[in-house]
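Listed below are the residues making up each chain.
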Amino acid sequence: MAEHSIHISNSSSKSTTTVAVVSQALQKEERLVSKWYILEPNGNRIPLQEYNFDGNESLKALADYEVKKRREVDEEPPHVRLMKRLAIADYEPASDAGNLRFYPKGRLIKSLIEQYVTRKVIEYGAVEVETPIMYDTKHPSLASYFNRFPARQYMIESEGKEFFLRFAACFGQFLMAKDFTISYKHLPLRIYELTRYSFRKEKSGELVGLRRLRAFTMPDCHALCKDIEQAKQEMIRRLELSKEVINELGIGLDNVEMAIRVTSDFYNENKEFIVELVKRFGKPALIEEWSERFFYFVLKWEFNFIDNLVKASALSTDQIDVENGSRYGIVFVDEQGNRRNPIILHNSPSGAVERVIYALLEKNARLQREGKVPMLPLWLSATQVRLIPVNDSYMQYCIDLMQRIEGNQIRVDIDDREESVSKRIRDAELEWIPYIIVVGEKEILAKDTVTVRVRGVGMKNMSIDELIREIRDKVKDKPFMPLNMPKYISMRPNIMV
């Protein structure tokens, strides 16, 4: 987990030597010897080399990627081109690699995803908190945790102390929970934070677009449980939560594969539980089995997205942590009045928000390659309805129409540029605008009926109320934010050239 620098001063030469310190977890991860299997929903566990992957190329891609452990990227994945062309995000040359800039569309998309995931986690029963982004490397609980978490971090010096930027919300949440007075009646206790940002100093060769970053936004939910049995029951709940989130974000379970990493002892003692996880996922899963426990967890599952370069990226995940309750001094009082350390679950129901956008863009790049129409989920589309007046004489009608539609929590803009209608339609299609309405004399005469270009469907004659109802039915109860750009296209700067 930890790669940081120790500065050793030599008083006679006044020179400073920097010694790289790499966590034991990272060192062991690189030497890790694993046994690989495919576990089917019916409970059959088949050695990886004996499994027939016919018809399941995505799972095979995950298995190949994980066994080879080659994380470097040799070419630019399609989502990088799309994130730039759609003016979502881009690299920031003035920052460290892996720290991106997000344009208005990207900020809006991120915010909507953040709100959705946060609401789902709170509905599940979590309490939301906020914790610092930097911590003292000499804190006794944190120093030992460094060597149990496979990640690298940024270091900061302040007033003679060395701090690291958090790579997860664990530290703050665990230090907070240590100060709670907790009874077994409070368990499972679910604690949630949306970290903007978490920092991991990933290897430069692994950094690419939105897939792997050094600064990222992570919905991070821990659950304190009284014992393994309660932890297993809670993990089932969180698996179902994660399934719902992945589907509602528009990625879809059909586009992810499950990996489970587990110690041999835990697998042998909890086989029915692990089979239940795979059964609820509904497809065969990749199993990585360790003969001994190298990290703080005995089991970890992930939903992995396979992109167009056949690279796997973890989205949703959960872990059963058997160490940190004791390490951080978190205690609860059990039914007999004894003080005990909880088992801790580490869940992100979506994975990093940036990686969700990456998966959506890579999924749509695949659709484009197959000759299909790419489109973000309607609720995540920055502009949901684009109005195009044939000429200035129809502007007032467009303004009235815009006000009527946006009053129903729908994002609308008007392309009032002095361009041909065909160019403005083409530009709207290149932006993946879901609904395009050209306003001319026919629309004025028809009063309440318009012809709508519905992305992926074609032309539809609809009343304004029908249009509003269709959009509201599709977005359902997803979060809404107003457009965060000028409503008139002529007033917007050209962000991407």
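Residues numbered from 1 in each chain as written. Predicted model: local features only at pLDDT ≥ 70, side-chain atom pairs only at ≥ 80, totals over all residues. Heavy atoms only, no water.

**Remarks on the sheet that holds strand β8 (residues 134-136)**
Part 1: Taken together, the three strands give an open sheet; going across it, the order is β8-β10-β9, and neighbouring strands pair in antiparallel fashion. The sheet terminates laterally at β8 and β9 (155-158), the two strands that pair on one side only. On average, each strand axis in the sheet is inclined to that of its neighbour by 35°, with strand direction left out of account.
Part 2: Note: β9 against strand β10 (residues 161-165), four bridges, orientation antiparallel. Following the sheet pairing, Ile 156 is matched in β10 by Phe 163. (Pairing = 2+ DSSP bridges. Helix = DSSP H or I, 4+ residues; strand = E, 2+ residues; numbered from the N terminus. Axes fitted to C-alpha atoms, helices over the stretch in contact; angles between N-to-C directions.)

**What to know about the packing of helix α7 (residues 228-248) against helix α9 (residues 271-281)**
Part 1: Closest axis-to-axis distance for the α7/α9 pair is 11 Å, and the angle between their directions is 15°. In terms of orientation, α7 lies roughly parallel with respect to α9. Once α7 is placed against α9, the crossing between them reads as right-handed. Of the residues in α9, those in contact with Lys 232, Met 235, Ile 236, Leu 239, Glu 240 and Lys 243 of α7 are Phe 273, Glu 276, Leu 277 and Arg 280. (Parallel < 35°, antiparallel > 145°, perpendicular 65-115°, else oblique. Left-handed = near helix turned anticlockwise from the far one by under 90°. Contact = heavy atoms within 4.5 Å.)

**Structural notes on the nonpolar core**
Part 1: By size, the foremost hydrophobic cluster in this structure holds 104 residues, and its most contacted members are Met 258, Leu 299 and Leu 361.
Part 2: Filtering out sequence-adjacent residues up to four positions away, Leu 299 remains in contact with Met 235, Ile 260, Arg 261, Val 262, Phe 266, Phe 273, Ile 274, Leu 277, Asp 318, Gln 319 and Ile 320.
Part 3: One finds Phe 164, Cys 170, Phe 171 and Leu 189 within the second-largest nonpolar core, a separate group that totals 19 residues. (Core = buried A, V, L, I, M, F, W, Y, C linked by side-chain atoms within 4.5 Å. Buried < 20%, exposed > 50% of the residue type's maximum accessible area, 1.4 Å probe, protein only.)

**Topic: unusual backbone geometry**
Part 1: Leu 187 connects to Pro 188 through a cis peptide bond whose omega is 0°.
Part 2: Here Pro 188 is to be found in the loop between α6 (170-178) and β11 (189-199).
Part 3: Note the cis peptide between Arg 196 and Tyr 197, where omega equals 15°.
Part 4: Mapping Tyr 197 onto the fold places it in strand β11.

**Side note on the packing of aromatic side chains**
Part 1: Across all of its chains, the model carries 16 aromatic pairs by this definition.
Part 2: On the basis of an interplanar angle of 80° and a centroid distance of 5.0 Å, the ring pair of Phe 164 and Phe 171 is categorised as edge-to-face. The same class applies to Phe 164 as to Phe 171, namely buried.
Part 3: Ring geometry for Phe 167 and Phe 171: centres 4.8 Å apart, planes at 90°, overall edge-to-face. Neither residue differs from the other here; Phe 167 and Phe 171 are each classed as buried.
Part 4: By the ring-pair criterion, three or more aromatic residues cluster together here, those being Tyr 135, Phe 164, Phe 167 and Phe 171.
Part 5: Seen from the ring of Phe 102, Lys 110 lies directly overhead, with NZ or CZ sitting 4.7 Å from the centre.
Part 6: Directly above the ring of Tyr 124 sits Arg 190, whose terminal nitrogen or CZ lies 4.9 Å from the centroid. (Phe/Tyr/Trp six-rings, centres within 6.5 Å; stacked < 30°, edge-to-face > 60°. Lys NZ or Arg CZ within 6 Å of the ring centre and 35° of its normal.)

Function cannot be inferred from these measures alone, as they are strictly geometric.
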